[in-house]
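# Architecture at a glance
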Number of protein chains: 2
Amino acid sequence: VQEFDVIKKYLTFKSYDKNIILNTGDDAAVLTIPAKTQLVTSSDTFLENTHFLQGTPPADIAYKSFMVNLSDMAAMGAVPQWTMLNLTLPAKDDKWLCEFSNQLKEILTNYKISLIGGDTTQGPLSITITIYGFIKDNQFLTRAGAKTDDSIYISNSTGEAALGLLMLQDKYPKNDYFVQKLQRPQAQNKLGLLLKDYANSCIDISDGLICDLNHILLSSNKGAELNLKNLITTSSLNDYCSEDQTKNLILYGGDDYELLWTLSKEKEKKFLKKIKETTVSVQKIGIITDNIGIKENNKKIKIKGWSHF
Amino acid sequence: VQEFDVIKKYLTFKSYDKNIILNTGDDAAVLTIPAKTQLVTSSDTFLENTHFLQGTPPADIAYKSFMVNLSDMAAMGAVPQWTMLNLTLPAKDDKWLCEFSNQLKEILTNYKISLIGGDTTQGPLSITITIYGFIKDNQFLTRAGAKTDDSIYISNSTGEAALGLLMLQDKYPKNDYFVQKLQRPQAQNKLGLLLKDYANSCIDISDGLICDLNHILLSSNKGAELNLKNLITTSSLNDYCSEDQTKNLILYGGDDYELLWTLSKEKEKKFLKKIKETTVSVQKIGIITDNIGIKENNKKIKIKGWSHF
């Protein structure tokens, strides 16, 4: 891969931002952070056979790898501004690069995000994306702020992406709705911005509902009492799975990129009123407790992670 | 690789910086940029068999992958502050991780750089490092500022790392000095900070002297007339190589991570006086011209890149 040519041909996009003083093409980017604003930044690597199946369309890879990073910004209540892309490709494949690049351009345009650097190298397919966002000073959401008696909410529902994966693995009859939930998750950035004014803690659900709830509980030194009845009975998974399978996917399936947050009783009413003005669907799934661990009907729920494949 | 355990055990270091509001362990890091300061950031991926030979000691991999990023900061005149590490490993290898981690800790301690995030994944060995540095508003060095009649300088000399690689490939009798130049390059961060007050343009030499000089010339829309006699006759390569081989390695060998910069006649004297107060050795190698292309004694010098292996 001739780095210079690939970047010039496929990875040069319009810049949206007068805060970019020096863009790609020098040894580093130079950026201005506006007054009373903090930088929020994270980085994730995506690998074939670990984060996406071999043969996944390049547009889906571009889409999802960016959505996962946008979801980190959503979970912080941050507005994404800039991104770096480190792309490792087995060979210079013009068709692959063209499809990847077109999807990338669409996302960057929709979100008004500018590509400020990175590199291209030749090797086993791998994508590392670093994202840079803004928040007003100290107005960020964190995993560490959950308080006893906080209500626990999630956006939409969970388990759909995991069922999509099982469908791609031919373990269930294929249905495009669920496959799209896996390949084309939608980061909840608007919700994240709204939650900043209400939530005590927040995380995005990438490792599974229970695993990511547990991240909040560990960071906040709290426990949780869940009531999952409504989440399970209203789940779209019921059309395909037994009740046990549905519950298992809802609790432990990953890759949904919904948000999970906690808020105090005082703010709950105002929040529910506010959220009705939007198109986002939210569900209360339990409350924060002083007792460590996660329970439902006084029974401990097992805490375990989600391994993609 | 159990991401959480690896990060906790091997990749958790002391934070040096009160500008870090939220560190590793949340969905993203939150950072404050001081007043009148801009963010300088870049990212590079290092692959086995592309950037380092298979079997390279993990400490050397850690050392070099960070030095290459520190060198980008040097070329910008920026002070490195924070870093992200995205580490992909074939398996959880405790010995490997321990050696990598110890070297990483030493570099971060020496440079007072804080690790603020990243991830670990399982796959073919790959290291992506993103670096974040500071400059005073608009006081950065760039590739684009070379002016006609500027003097062209480099620090120390070039070609030594390339000879080290040839030695590792058993094409020359091994000598540790040159192998260390390849495996343990020294980024010129102090020089970069000093150059900010003098240089019109600057780049670090990673792709080779001619290739990186050409990056400055393309960005500045200029040419260069070189005088390489002194550089060649004083080169340490002469003990091992013919005159032609020496010249070839000096011009086209990569991975030295020295700086190349241009400065006006007016600032040259002051600069040379200032540099004498330091331990850095510098060499004048030519002047910037209006005529596009690179010449020596009125003969065109071929422009070509450096492919590592």
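Description of the structure in this document. (Residues numbered from 1 in each chain as written. Chains lettered and ligands numbered in written order. Predicted model: local features only at pLDDT ≥ 70, side-chain atom pairs only at ≥ 80, totals over all residues. Heavy atoms only, no water.)

### Side note on the overall build of chain A
The number of helices and strands found in chain A is 10 helices and 13 strands. In terms of C-alpha radius of gyration, chain A reaches 20 Å, essentially the compact-globule figure of 19 Å for 309 residues. Summarising its shape, the C-alpha atoms of chain A cover approximately 60 × 50 × 35 Å along the three principal directions. Considering only contacts in chain A between residues 6 or more positions apart, those separated by 24 or more positions represent 85%. When the accessible surface of chain A is summed, it comes to about 13,200 Å², and 49% of that surface belongs to carbon and sulfur atoms. Here chain A holds 35 positive side-chain charges and 36 negative ones, and the gap between their average locations is 6 Å. (Helix = DSSP H or I, 4+ residues; strand = E, 2+ residues; numbered from the N terminus. Rg over C-alpha atoms; globule rule 2.2 N^0.38 Å. Contact = heavy atoms within 4.5 Å. Areas by Shrake-Rupley, 256 points an atom, 1.4 Å probe, with all protein chains shown as cover. Lys, Arg positive; Asp, Glu negative; His and termini not counted. Charge placed at Lys NZ, Arg CZ, Asp CG, Glu CD.)

### Re the sheet that holds strand 2 (residues 29–31) of chain B
Remark on secondary structure: sheet strands pair via backbone hydrogen bonds, oriented parallel or antiparallel. Taken in spatial order, the 6 strands of this open sheet run 5(A)-4(A)-6(A)-3(A)-2(B)-1(B), and their pairing is mixed. In the strand order of this sheet, the two ends are held by strand 5 (114–122) of chain A together with strand 1 (20–22) of chain B, each with one partner. Strand after strand, the sheet turns through a mean of 20° between neighbouring axes, direction not considered. The pairing of strand 1 of chain B with strand 2 of chain B spans 2 bridges and is antiparallel. Bridge assignment links Ile20(B) to a residue of strand 2 of chain B, and that residue is Leu31(B). Strands strand 3 (37–47), strand 4 (79–89) and strand 6 (126–136) of chain A together with strand 1 and strand 2 of chain B of the sheet are contacted by helix 2 (residues 58–76) of chain A, whose axis makes an angle of about 145° with strand 3 of chain A. In the packing of helix 3 (residues 94–111) of chain A onto the sheet, the strands contacted are strand 4, strand 5 and strand 6 of chain A, and the crossing angle to strand 4 of chain A comes to about 170°. (Pairing = 2+ DSSP bridges. Axes fitted to C-alpha atoms, helices over the stretch in contact; angles between N-to-C directions.)

### Side note on the packing of helix 2 (residues 58–76) of chain B against helix 3 (residues 94–111) of chain B
Residues and elements named next belong to chain B. Two numbers describe how helix 2 lies on helix 3: the axes approach to 7 Å, and their chain directions differ by 35°. Taken as a pair, helix 2 and helix 3 cross one another with a handedness that is right-handed. Taking contact as the criterion, the partners of Pro58, Ala59, Ile61, Ala62, Tyr63, Phe66, Met67 and Leu70 in helix 2 are, on helix 3, Trp96, Glu99, Phe100, Gln103, Leu104, Ile107, Leu108 and Tyr111. Tallied by class, the residues present in the contact of helix 2 with helix 3 amount to 14 nonpolar, 1 polar and 1 charged. (Left-handed = near helix turned anticlockwise from the far one by under 90°. Nonpolar A, V, L, I, M, F, W, Y, C, P; charged D, E, K, R; others polar.)

### Points about the pattern of salt bridges
Residue and element names in this part refer to chain A. The full count for this structure, using the stated rule, is 24 salt bridges over all chains. With a closest N to O distance of 3.0 Å, Lys95 and Glu99 form a salt bridge. Highlighted residues: Lys95 and Glu99, both in helix 3, separated by 4 residues, approximately one helical turn. By relative accessible area, which is 62% here, Lys95 ends up exposed. Among the charged side chains, a network of salt bridges with common partners joins Lys9, Lys92 and Asp94. (Salt bridge = Lys/Arg side-chain N within 4 Å of Asp/Glu carboxyl O. Buried < 20%, exposed > 50% of the residue type's maximum accessible area, 1.4 Å probe, protein only.)

### Points about unusual backbone geometry
Even without glycine at this site, Lys36(A) takes up a positive phi of about 55°. Here Lys36(A) shows up in the loop between strand 2 (29–31) and strand 3. Lys36(A) sits in the exposed class, given a relative accessible area of 66%. Even without a glycine there, the phi angle at Tyr257(B) is positive, about 60°. Along the chain, Tyr257(B) turns up in the loop between helix 9 (243–252) and strand 10 (258–263).

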